[in-house]
Every structure is written in structure tokens, then in C-alpha cells.
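This is what each chain is made of:
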Amino acid sequence: MKRIASIVAALLLAGCASTADNDGYYTVRRGDTLYSIGRDFDQSPSNLAAWNRLRNPNDLEVGQRILVRPPTGIVARTGAGQGSRGAAPAPAPARKAAPAAKPAAKGGDDDAPAPADAKLDWMWPTQGKSAPSGDSYKKGIDIAGSDGQPVVAAAAGKVTYAGHGIRGYGNMVIIKHTPALLSVYAHNKSIAVKEGQMVTRGQQIAAMGNSDTSRVKLYFEIRRNGKPVNVMALLPPR
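The structure displayed is predicted, hence computed values, not measured ones.

Rules of the game
- Residues numbered from 1 in each chain as written.
- Predicted model: local features only at pLDDT ≥ 70, side-chain atom pairs only at ≥ 80, totals over all residues.
- Heavy atoms only, no water.
- Core = buried A, V, L, I, M, F, W, Y, C linked by side-chain atoms within 4.5 Å.
- Buried < 20%, exposed > 50% of the residue type's maximum accessible area, 1.4 Å probe, protein only.
- Helix = DSSP H or I, 4+ residues; strand = E, 2+ residues; numbered from the N terminus.
- Contact = heavy atoms within 4.5 Å.
- Phe/Tyr/Trp six-rings, centres within 6.5 Å; stacked < 30°, edge-to-face > 60°.
- Lys NZ or Arg CZ within 6 Å of the ring centre and 35° of its normal.
- Polar contact = N/O pair within 3.5 Å; in protein donor to acceptor, adjacent residues only side chain to side chain.
- Pairing = 2+ DSSP bridges.
- Salt bridge = Lys/Arg side-chain N within 4 Å of Asp/Glu carboxyl O.

Draft legend 1. Focus on the nonpolar core. The biggest cluster of nonpolar side chains holds 26 residues, and the ones touching the most others in it are Trp122, Ile175, Tyr185, Ile205, Phe220 and Ile222. Taken together, the elements giving at least two residues each to this core come down to strand E4 (141-144), strand E6 (157-163), strand E7 (171-176), strand E8 (181-191), strand E10 (204-208) and strand E11 (217-224). Ignoring anything within four residues of it in the chain, the contact list for Phe220 reads Pro125, Gly140, Ile141, Ala154, Ser183, Val184, Tyr185, Val231 and Leu235. Counting 13 residues, the second-largest nonpolar core is a separate cluster that includes Tyr26, Val28, Leu34 and Phe41.

Here's what the structure looks like:
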């Protein structure tokens, strides 16, 4: 259980359970529900759903950032268990309607590198043919290779997890590059780094394997603020 807690904490970039960052955001962990988050932060689930524009409050994702403090100018209805009996939020002051927003560019923000991403000198974590994991590059990539093939850090950073703590990922390494960015390396045969270790770009961190998977490969993912991004938009062409 301690290993599972460690990997979850690393993936979510959250230092302690039930704590929010300086901007008032909490990062969803495995087993969280909107009700349990509201209970921990003394907020109603309806408030949390409204503040975060959640279309389906029951569909939280591990790594998702949830605003748990009232936005500026909003009076919260406190108490996770108040339900419809809680006091209604104070009405917002009347103001002129804002101009209509321009349509968002096709593909969304996650398809293009953010400024923080562009500052990092990304490289491929290993050699081999790559393919999207699942139905989208936003969910990481699988890179085929040979048993024992070197796996390297795609960018410099700090190892926040190195172990075998979550079923389905095998021997996994997680590297934190910036406060918002981390990379994930899964299914390794062996791990060559330790938690807390600083690594350089291109430094070997593991050997490719097939732990918790049916074939030899590396599962590679980049996350920004806890959410997977399109790694193909960040890695150099080859």
C-alpha cells in the first residue's frame, strides 16, 4: 500500500493528501470522488462541479486538477454533505456582457507545446518504432524494441518515482522536469536510478522489458499539470 501511495503522489504532483496548491487546486488521486474531495475541503460537490465546469462529476481522472477554493467574487456553499439544503451562493454583481469568444483552434491547447514545454530540450527516450497507446497520442506512445535496450531520460529532471507500484505499468520511472511537467517510462526490465536522484538529458534510467505487458516495449508519456499531452508535438522528428 505504501508503494501505491508513493506512485500516486508522484503521478499527481501532489506532496500531501488532501492539500491544495497555492492557486487553490487539488490534484485528483486514485479512489477520489467529488464527494470525498468536497468533504476534505469542506465544499459541496455542486460547488466543485460548477467551479470546474464538470460535465460529468462522476468522471474524474487521476491527475486532474480540481479547484477547491471559491473563485474570486464567489461565496462558497460550504459542507460536502449539505446537498440542496445548503445556503445558495451569493449572486454575482451585475456586469456588462463580455464579447463573444473566438472559436478555439481545432485540436485544443494540449496539441501544441506550452511555453514551459518549449523551454525543455526533449529527446526520444529510446530507439524503436513508435505507435500511439490506445486511440490517441495524447495518451502516450508505445516504443517497440529489444529486451535490455537502454531507456534514457527524455529531458533533465528529478526522479520522483522508481519502482513497481501500480498494476499494469510494471517497472516504472517518473521524472519531474518542471513544476508542471513530468515524464513516465513504464514496462522496464530493470531500473537504473533511485527516487530523488537528479538526471541529465540522455542519461540511462532503465532497460527496456516487458514487465506487466505481453511484449517488449517502452510506454512513454508526458504530463502537463497532471494531464497527458501529445508527446509527438514535443519530441523531435526522426
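Draft legend 2. Unusual backbone geometry, seen in detail. The phi torsion at Arg53 lies on the positive side, around 50 degrees, for a residue other than glycine. As for its placement among the helices and strands, Arg53 is situated in the loop between helix H3 (45-51) and strand E2 (65-67). A positive phi angle is found at His187, which is not glycine, with a value near 75 degrees. Looking at the secondary structure, you find His187 in strand E8. For His187, a relative accessible area of 6% puts it in the buried group.

Draft legend 3. Broad picture of the packing of aromatic side chains. A complete count under the given rule lists three aromatic pairs for this structure. With 6.4 Å between their ring centres and 65 degrees between their planes, Tyr169 and Tyr219 make a pair best called edge-to-face. Placement of the pair is Tyr169 in the loop between E6 and E7 and Tyr219 in strand E11, with a sequence separation of 50 residues. The positively charged end of Arg65 is found above the aromatic ring belonging to Tyr25, 4.4 Å away from the centroid. Note that Arg238 overlies the ring of Trp124, its terminal NZ or CZ placed 3.6 Å from the centroid.

Draft legend 4. Inspection of the environment of Arg223 at higher detail. Within the secondary structure, Arg223 is located in strand E11. Classification of Arg223 by relative accessible area gives buried; the value is 11%. In this structure the C-alpha to C-alpha distance between Arg223 and Ala180, which are 43 residues apart in sequence, comes to 7.9 Å. Aside from chain neighbours lying at most four places away, what touches Arg223 is Val62, Gly63, Ala180, Leu181, Leu182 and Pro228. Within the structure, Arg223 has its side chain in polar contact with the backbone oxygen of Gly226 (distance 2.6 Å).

Draft legend 5. Up close: helix H2 (residues 34-41). Burial in H2 covers these residues: Leu34, Ser36, Ile37, Gly38 and Phe41. Of the surrounding secondary structure, the elements contacted by the buried residues of H2 are strand E1 (25-27) and H3. The first or second residue beyond H2 is Asp42, which carries a positive phi of 55 degrees.

Draft legend 6. Representation of the side chain of Thr126 in the model. When you line up the elements, Thr126 lands in the loop between helix H4 (115-118) and strand E3 (130-132). Taking relative accessible area as the criterion, Thr126 reaches 5% and is therefore assigned buried. Apart from residues lying up to four places away in sequence, Thr126 is in contact with Ile143, Gln149, Pro150, Val151, Met208, Leu218 and Arg238.

Draft legend 7. Main features of the pairing of E10. Counting buried positions along E10 yields four of five residues, so the element is predominantly enclosed. Where strand E5 (residues 150-152) lies against E10, three bridges are found, and the strand directions are antiparallel. If you follow Val151 over to E10, its bridge partner there is Ala206. Here E8 pairs with E10 via three bridges, running antiparallel. Residue Ile191 lies in a different strand from E10, and its bridge partner there is Ala206.

Draft legend 8. The pattern of salt bridges, seen in detail. Applying the stated criterion across every chain, the model contains five salt bridges. In this structure, Arg201 and Asp121 form a salt bridge, with 3.4 Å as the shortest nitrogen-oxygen distance. Here Arg201, found in the loop between strand E9 (198-199) and E10, pairs with Asp121, found in the loop between H4 and E3; they are 80 residues apart in sequence, far enough to count as distant. On the accessibility criterion, Arg201 (39% relative accessible area) is partly exposed.

Draft legend 9. Just the pairing of E8, in detail. For E8, the buried fraction is high: eight of the eleven residues fall into the buried class. Two strands pair when backbone bridges link them, and E7 and E8 are joined in this way by five bridges, in the antiparallel orientation. Pairing of Lys176 across the sheet is with Leu182, part of E8. Judged from the six bridges that link them, E8 and E11 form a sheet pairing that is antiparallel. Within E11, the position partnered with Leu182 by the bridge is Arg223.

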